[in-house]
Amino acid sequence: MTSHDLESVALTLVAEGKGILAADETIPTLTRRFDTLGVQSTEQSRRTYREMLFTSPGAAEFISGAIMYDETIRQKSSDGTPLAEALAVQGILPGIKVDTGAKPLAGSPNETVTEGLDGLRDRLREYHAMGARFAKWRAVIHLTDALPSSACVNANAHALARYASLCQEQELVPIVEPEVLMDGSHTIERCEGVTGTVLHAVFNALFEQGVALEGMLLKPNMVLAGKECARQASVEEVATATLRCLRRHVPAAVPGVVFLSGGQNARVATAHLNAINRLPGPKPWKLSFSYGRALQDPALEAWHGRDENLAAGQNALYRRARSNGAASIGKYTDEMELESVSADDASHRREWSDD
Ligand code: 13P
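Residues numbered from 1 in each chain as written. Predicted model: local features only at pLDDT ≥ 70, side-chain atom pairs only at ≥ 80, totals over all residues. Heavy atoms only, no water.

**Looking at unusual backbone geometry**
- L147 connects to P148 through a cis peptide bond whose omega is 10 degrees.
- Position of P148 relative to the elements: it lies in the loop between β6 (134–141) and α7 (150–169).
- In this structure, E171 takes a positive phi of about 70 degrees despite not being glycine.
- Residue placement: E171 occurs in the loop between α7 and β7 (173–180).
- With phi around 55 degrees, H304 is a residue other than glycine that occupies positive phi space. (Helix = DSSP H or I, 4+ residues; strand = E, 2+ residues; numbered from the N terminus.)

**Observations concerning the packing of helix α6 (residues 120–129) against α7**
- For the pair α6 and α7, the least separation of the axes is 10 Å and the interaxial angle reads 45 degrees. The orientation of α6 with respect to α7, classified from their angle, is oblique. As α6 packs across α7, the resulting crossing turns out to be right-handed. Residues L120, R121 and L124 of α6 form the contact with α7, whose own contacting residues are Y163, L166, C167 and E169.
- Here the residues of the contact of α6 with α7 are counted per class, giving five nonpolar, no polar and two charged. (Axes fitted to C-alpha atoms, helices over the stretch in contact; angles between N-to-C directions. Parallel < 35°, antiparallel > 145°, perpendicular 65-115°, else oblique. Left-handed = near helix turned anticlockwise from the far one by under 90°. Contact = heavy atoms within 4.5 Å. Nonpolar A, V, L, I, M, F, W, Y, C, P; charged D, E, K, R; others polar.)

**Quick word on helix α12 (residues 310–327)**
- Taking 1.5 Å per residue, 18 residues should reach 26 Å; α12 reaches 26 Å between its end C-alpha atoms and fits that length.
- Taken across its 18 residues, α12 has 14 buried, putting it largely inside the fold. (Expected span 1.5 Å × (residues − 1). Buried < 20%, exposed > 50% of the residue type's maximum accessible area, 1.4 Å probe, protein only.)

**With respect to the site of the ligand**
- Lining the immediate environment of the ligand, one finds 13 residues, of which K136, K219, S261, G262 and R293 sit closest.
- In this structure, S261 approaches the ligand through a side-chain N or O atom, which is 2.4 Å from an oxygen atom.
- Broken down by secondary-structure element, the contributors of at least two residues to the shell around the ligand are β6 and β10 (286–291).
- Class assignment for the residues of the shell around the ligand results in three nonpolar, four polar and six charged. (Near = heavy atom within 4 Å. Polar contact = N/O pair within 3.5 Å; in protein donor to acceptor, adjacent residues only side chain to side chain.)

**Some remarks on the pairing of β7**
- For β7, the buried fraction is high: eight of the eight residues fall into the buried class.
- What you see with β7 is no split at all: V173, I175, E177 and E179 on one side and P174, V176, P178 and V180 on the other are buried throughout.
- In terms of strand pairing, β6 meets β7 through eight bridges, oriented parallel. Within β7, the residue paired with F134 across the bridge is V173.
- Where the polypeptide runs from β6 across α7 and back to β7, its parallel neighbour, the crossover connection is right-handed.
- With two bridges joining them, β7 and strand β8 (residues 217–218) adopt parallel strand pairing. Considered in β8, the bridge of I175 is made with L217.
- Of the crossover connections in this fold, the one passing from β7 over helix α8 (residues 188–208) to the parallel β8 is right-handed. (Pairing = 2+ DSSP bridges. Right-handed = clockwise from strand over helix to strand, strands pointing away.)

Structure representation (structure tokens):
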């Protein structure tokens, strides 16, 4: 694979009207989500859930890639097809989470640094042989009056860049995810400042490690007021601050920016993406989604661990994928949430025609 091939995979992941399904929760995280609904977490129930998501009829029209966890990429669907292959036959690129988690940062116990570099080259080689074509590594930045420290920002930026460089060596497109958390009472202005500082450090480290920007994607947080901040920003304010921050800190050579949802309500995350794409002015990268909770939550709720609800779960995922696909080209409307839709109903395409 050449750097040209990496670029073409990156461009495929941000093809017009499409984004990424993040379904790479670790076993403890998915178990916590299942627990809230009283669904038992077993290897079998997690497999059933992921297969439900990955084979949702029609969703491939809006989903370019799906990020898996190590357990999932080794699992087979009910008809014996490896789940990575079940994605690939629908034209969905298989992806894999490769970090081993955010661990307390020595010397600053309220902050974390993401681990997983040791042995990463061999793991990437194995995942590529299993069909993965892109990877994900998430750095977590806590925001308070005093944090993040520059030690935390720089340690995470360095690890992200080392990971990205190894991915490209092993022919996988790296998704570089520095997440500034929305927990806390900070203002949107403070989030914008810290997100800018973090992006600046990340692109500096990527440059230092020789990462080809054309063959990667950035997965940032949107610029938001903290969840506990008394003044929540409007959709327009979020869109304006987010785009301004990206313009200042993300080189134009990066083909795409795929936002994480970070705990936003599913419809709000869609409205924010749509508003960002509707803003005037230069946007040198595709702006799309790589949502976990904002795509999955309605599907998980509809399924509730019951076989008789599998079709309802798939329909819920389809609806979110369709709305976010529209938002990725600035053509999402509230009315889309009210229509009854199915994969066979092509009418949703009509309302995307130029306005
Ligand atoms: P959320 O969209 O739920 O934040 O998940 C995205 C993700 O992949 C986090 O690493």
